[in-house]
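Given next are the chains, with one letter for each unit.
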Amino acid sequence: SQTIHQWPATLVQPVGSPLSLECTVEGTSNPNLYWYRQAAGRGLQLLFYSVGIGQISSEVPQNLSASRPQDRQFILSSKKLLLSDSGFYLCAWTKGLAGTDTQYFGPGTRLTVL
Amino acid sequence: RKEVEQDPGPFNVPEGATVAFNCTYSNSASQSFFWYRQDCRKEPKLLMSVYSSGNEDGRFTAQLNRASQYISLLIRDSKLSDSATYLCVVIPLRGNTGKLIFGQGTTLQVKP
């Protein structure tokens, strides 16, 4: 069966510090991968998605970036965090390209920027 | 206008009640629809897909109205464990690599 991991689970970082969040998927190959952010009391916002190694599409201009160095690894980064980067970061995967397959979410990383 | 809109609630209902949520979407070309459930401080999990003909899973019934561009979720015989936020999800275009558009969510609180 497939599983998706994210770490760290929680993170408290000062403004201006760098960020690296990691997501890995097990039990499947060539998944579509997604990064979402959910601010407190808000809906999920799609940040990046990837259909393959090295292929990243950005949805929202911001100070975040994403990379996919391996088939089942997706990384979210920032060089300098802002207060507004606080939120719940969720990685998700899906198998198909048709857009009708279920997306499965990882447990998330709760980021607080102080 | 938001692409997907939901009444954030909260909906406070007693155990055993029937409750319904609606969700409207703006893109008439939207292809796929889902309801996800999100417990407090947890990741969203798929509750059910929404098919054109409507579908039922136990106490949960989902329906799609393409003409009016809304989907609905009906929960019968509410349980305390149904308390959660219910997210309406739309995939706007076929072949769009699976990008999901989420509503803000509707919070349900079932009281004893």
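Report follows, based on the coordinates.

How each quantity is defined
Residues numbered from 1 in each chain as written. Chains lettered and ligands numbered in written order. Predicted model: local features only at pLDDT ≥ 70, side-chain atom pairs only at ≥ 80, totals over all residues. Heavy atoms only, no water. Disulfide = S-S within 2.5 Å. Helix = DSSP H or I, 4+ residues; strand = E, 2+ residues; numbered from the N terminus. Buried < 20%, exposed > 50% of the residue type's maximum accessible area, 1.4 Å probe, protein only. Polar contact = N/O pair within 3.5 Å; in protein donor to acceptor, adjacent residues only side chain to side chain. Contact = heavy atoms within 4.5 Å.

A look at the state of the cysteines
Argument step 1. Within this structure, the stated rule accounts for two disulfides over all chains.
Argument step 2. Covalently, A:Cys23 is tied to A:Cys91 through a disulfide, its sulfur atoms 2.0 Å apart. Because the sign of the S-S torsion sets the handedness, a value of about -70 degrees for the bond joining A:Cys23 and A:Cys91 places this disulfide among the left-handed ones. Placement of the pair is A:Cys23 in strand 3 (residues 19-26) and A:Cys91 in strand 9 (residues 87-94), with a sequence separation of 68 residues. Across the pair, exposure class does not vary: A:Cys23 and A:Cys91 are buried alike.
Argument step 3. There is a disulfide in this structure between B:Cys23 and B:Cys88, and the S-S distance comes to 1.9 Å. With the S-S dihedral at roughly -70 degrees, the linkage between B:Cys23 and B:Cys88 falls on the left-handed side. A residue pair is termed long-range when its members are at least 10 positions apart, and B:Cys23 in strand 3 (residues 19-25) and B:Cys88 in strand 9 (residues 84-91) qualify at 65 residues.

Considering unusual backbone geometry
Argument step 1. Residue A:Pro8 is bonded to the preceding A:Trp7 through a cis peptide linkage, with omega at 0 degrees.
Argument step 2. Relative to the elements of secondary structure, A:Pro8 occurs in the loop between strand 1 (3-7) and strand 2 (10-13).
Argument step 3. In this model, B:Gly9 is joined to B:Pro10 through a cis peptide bond whose omega is 10 degrees.
Argument step 4. Take B:Pro10: it is sitting in the loop between strand 1 (4-6) and strand 2 (11-14).
Argument step 5. With a phi angle near 65 degrees, B:Arg41 is a residue other than glycine that sits in the positive phi range.

With respect to the side chain of A:Thr109
Residue and element names in this part refer to chain A.
Argument step 1. Along the polypeptide, Thr109 turns up in strand 11 (residues 109-113).
Argument step 2. A polar side-chain atom of Thr109 sits 2.5 Å from the main-chain carbonyl oxygen of Pro8.
Argument step 3. Setting aside its immediate chain neighbours within four residues, Thr109 contacts Gln6, Trp7, Pro8, Ala9, Leu21, Gly87, Phe88 and Tyr89.

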